[in-house]
Amino acid sequence: MGGPIDRRGFCAGLAGGWLLAAAPRVAAGGTDGALPPWTPGTLDIHHIDTGRGNATFILGPDGTTLLIDCGTNHDGPGLSAPTRPDASRQPGEWVARYALRQARAAGRDSLDYMVATHIHPDHVGDVMPDLAPAPDGDYRLTGLSEVDRLMPAAVVIDRAYPDYGALPPLAAPFATNYRAWLDARVRAGRAVAAARVGSLEQIRPRTPVPGFAIRVLAGNGRVWTGRGRDSRALFPDGATLAPADRPPADRPVENMMSLALRLDYGRFGYFTGGDLTASTRDGRFPWMDVETPVAAACGRVEVAVADHHGYFDACGPDFVRLLDAQAYVIPSWHATHPGMAQMERLTNAWPGASPRDVFATELLPAAAQVNERFLPALRSRQGHVVVRVAPGGGSYRIFVLDSTREEGGITLACGPYACRA
């Protein structure tokens, strides 16, 4: 189980039968092909496909609930995927409804934690004139704030709120709206916390679960050193960089400040890093590769989320070498997701190499044309990607759910995968 294996044949569509037969029976009222409900001791990680940005809902072995991001990108048709399952509701409401359905099995209707990896509209929510105003502040309900209205979060973890130091959020309507929501939470006595890089305690299960932990690996320009709670700066001293009033030719940008988490459950490991990037402008600025030191701090995992949607400036050679994941999830929604080099690395499409399992939440026709040579290695092109880890964390399975219907059933089932020692 420790060496590379060819897992072709571990995946089957709904008609495969044997994979579903091995799963628990669907609860009363369910439909054939529905994902069986979560059960105590199981870890579920749901990569939710809204077609509008990132959203990941985690239901821990003890019922701990965590949402990482909820984007509401408003790019026009053609470049972006259609809103999933349809445009009758905003993405934040769709995400809340999805998470509430999954959490019902644990008797939960709220979030313990909500994490904003960084302040971009496809991760925290965009603003449009027709969005509903919030009743408790001068902001619009969108993305994370809309989820918070429908599935309240006990704690929101931001990269640096309220003091962002040398890199404040962009002076853009979506960032102003996001901060106004955080301010309203604080006025109401609701918790907002800056990420504590290196910490294993900031995100804790509701009750002790052997082998279950979440570490804040990186954020706001810092990365865990691998020792205790220590962290170090990722960037050179600000005095050596271009002045802040010039275009950001060689200064940190918002994507580089993304929060990254490592989740462990038994032998199972999982990585997610927002929009971390690896581009160094062809070697001119080596420090701009923030992805590699974060992947080094993380180490090998079983499942990893592709940084920055698999965009051309992320998922570099060291990302896949250091994480060495069995499966990758690409939270794609745009015509540029993923890049060709990124797809080649993620699928391990080298002569004689063992293929990896890669799942995309949305692969637009333009992206499919560009990546045509790699499509046979892609496990899924559309849908919610659910990683279900068995009690104790020794094995896991991956399901793809139809995201074109609100309660869409399983379209692909993969596994079980054995977690490596």
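What you see is a predicted model; the values in this text were computed from it and never measured.

When helices and strands are tallied, the chain shows nine helices and 19 strands. Expressed as a percentage of its 421 residues, the buried residues of the chain come to 59%. A fraction of 65% describes how many contacts in the chain between residues 6 or more apart in sequence connect residues 24 or more apart. Carbon together with sulfur atoms contributes 55% to the accessible area of the chain, which is approximately 16,700 Å² in total.

Here we take up the pattern of salt bridges. Applying the stated criterion to the full structure yields 19 salt bridges. As a salt-bridge pair, Asp 148 and Arg 190 come within 2.9 Å of each other at their nearest N and O atoms. On the criterion of sequence distance, the pair formed by Asp 148 in helix H4 (residues 144–150) and Arg 190 in the loop between helix H5 (173–187) and strand E7 (191–194) is long-range, its members being 42 residues apart. Taking relative accessible area as the criterion, Asp 148 reaches 5% and is therefore assigned buried. For Arg 420, the salt bridge is made with Asp 324, and the minimal N-O distance between the two is 3.4 Å. Here Arg 420, found in the segment after strand E19 (410–418), pairs with Asp 324, found in the loop between helix H7 (317–323) and strand E14 (327–330); they are 96 residues apart in sequence, far enough to count as distant. When its relative accessible area of 8% is taken as the criterion, Arg 420 is described as buried. Of the residues examined, Asp 324 reaches a relative accessible area of 31% and is grouped as partly exposed. Taken together, the shared-partner salt bridges in this structure form one network comprising Arg 97, Arg 101 and Glu 406.

We now examine helix H6 (residues 291–298). In terms of burial, H6 is a largely internal element, six of the eight residues being buried. For H6, the set of buried residues is Glu 291, Thr 292, Val 294, Ala 295, Ala 297 and Cys 298. Where H6 is buried, its residues contact strand E8 (212–219), strand E9 (222–224), strand E11 (260–265), strand E12 (268–272) and H7. Following H6 by one or two positions, Gly 299 adopts a phi angle in the positive range, close to 80 degrees.

This part is about the sheet that holds E14. Strands pair in a sheet through their backbones, by hydrogen bonds, and they do so in one of two ways: parallel or antiparallel. Across the sheet, nine strands lie side by side as E10-E9-E8-E11-E12-E13-E14-E15-E16; this open sheet has mixed pairing. Among the strands making up the open sheet, the edge pair consists of strand E10 (231–233) and strand E16 (378–380). Each adjacent strand pair in this sheet contributes to an overall mean axis angle of 25 degrees, direction not counted. As defined by bridge partners, E14 adjoins strand E15 (residues 357–360) across four bridges and the pair is classed as parallel.

All right, on to the packing of aromatic side chains then. One pass over the full model with this rule turns up eight aromatic pairs. Relative to Phe 312, the ring of Tyr 311 has its centre 4.7 Å away and its plane inclined at 65 degrees; by these criteria the two rings are edge-to-face. Taking relative accessible area as the criterion, Phe 312 reaches 55% and is therefore assigned exposed. Ring-pair connections join several aromatic residues into one group, and the members of that group are Phe 268, Tyr 396 and Tyr 417. Above the ring of Trp 94, the side-chain terminus of Arg 89 is found at 5.4 Å from the ring centroid. Note that Arg 215 overlies the ring of Trp 224, its terminal NZ or CZ placed 3.8 Å from the centroid.

For the rest of this paragraph, the subject is the state of the cysteines. By the definition in use, this model includes one disulfide. Disulfide pairing places Cys 11 opposite Cys 414 at an S-S distance of 2.1 Å. Judged by the torsion about the S-S bond (120 degrees), the Cys 11/Cys 414 disulfide is right-handed. With Cys 11 in strand E1 (residues 11–13) and Cys 414 in strand E19, the pair connects residues that are 403 residues apart, well separated along the chain. In this pair, the class of Cys 11 matches that of Cys 414, namely buried.

Along the polypeptide, Pro 162 turns up in the loop between strand E6 (153–158) and H5. With 21 residues separating them in the primary sequence, Pro 162 and Asp 183 have C-alpha atoms 8.7 Å apart.

As a further point, take the confidence of the model for the chain. For the chain, mean pLDDT is 91; residues scoring 70 or higher make up 90% of the total. Counting interchain partners and residues more than four positions distant, the pLDDT-below-50 stretch residues 1–9 has 21 contacts.

On to the pairing of E15. Both faces of E15 are covered, namely the face carrying Asp 357 and Phe 359 and the face carrying Val 358 and Ala 360. Taken together, E14, helix H8 (residues 340–347) and E15 form a β-α-β motif whose crossover is right-handed. Here two bridges tie E15 to E16, and the two strands are oriented parallel to one another. Residue Phe 359 lies in a different strand from E16, and its bridge partner there is Ser 380. Read as a crossover between parallel neighbours, the route from E15 over helix H9 (residues 365–370) to E16 is right-handed.

Of all hydrophobic cores here, the largest spans 43 residues; its most connected members are Phe 57, Leu 67, Met 114, Leu 144, Val 147 and Tyr 178. A per-element tally of this core places H5 first, with seven residues. For Phe 57, the residues in contact, after removing those within four places along its chain, are Asp 44, Ile 45, His 46, Ile 48, Thr 65, Leu 66, Leu 67, Ala 99, Gln 102, Ala 103, Leu 111 and Met 151. With 41 residues, the next largest nonpolar core counts Leu 234, Phe 285, Ala 304 and Leu 375 among its residues.

Attention now goes to the pairing of strand E3 (residues 55–59). For E3, the tally of buried residues reaches five of five residues, placing the bulk of the element in the interior. Alternating residues of E3 divide into Ala 55, Phe 57 and Leu 59 and Thr 56 and Ile 58, and every residue in both groups is buried. In terms of strand pairing, strand E2 (residues 43–47) meets E3 through four bridges, oriented antiparallel. If you follow Asp 44 over to E3, its bridge partner there is Leu 59.

Calculation notes
- Residues numbered from 1 in each chain as written.
- Predicted model: local features only at pLDDT ≥ 70, side-chain atom pairs only at ≥ 80, totals over all residues.
- Heavy atoms only, no water.
- Helix = DSSP H or I, 4+ residues; strand = E, 2+ residues; numbered from the N terminus.
- Buried < 20%, exposed > 50% of the residue type's maximum accessible area, 1.4 Å probe, protein only.
- Contact = heavy atoms within 4.5 Å.
- Areas by Shrake-Rupley, 256 points an atom, 1.4 Å probe, with all protein chains shown as cover.
- Salt bridge = Lys/Arg side-chain N within 4 Å of Asp/Glu carboxyl O.
- Pairing = 2+ DSSP bridges.
- Axes fitted to C-alpha atoms, helices over the stretch in contact; angles between N-to-C directions.
- Phe/Tyr/Trp six-rings, centres within 6.5 Å; stacked < 30°, edge-to-face > 60°.
- Lys NZ or Arg CZ within 6 Å of the ring centre and 35° of its normal.
- Disulfide = S-S within 2.5 Å.
- pLDDT = per-residue confidence, 0-100.
- Right-handed = clockwise from strand over helix to strand, strands pointing away.
- Core = buried A, V, L, I, M, F, W, Y, C linked by side-chain atoms within 4.5 Å.

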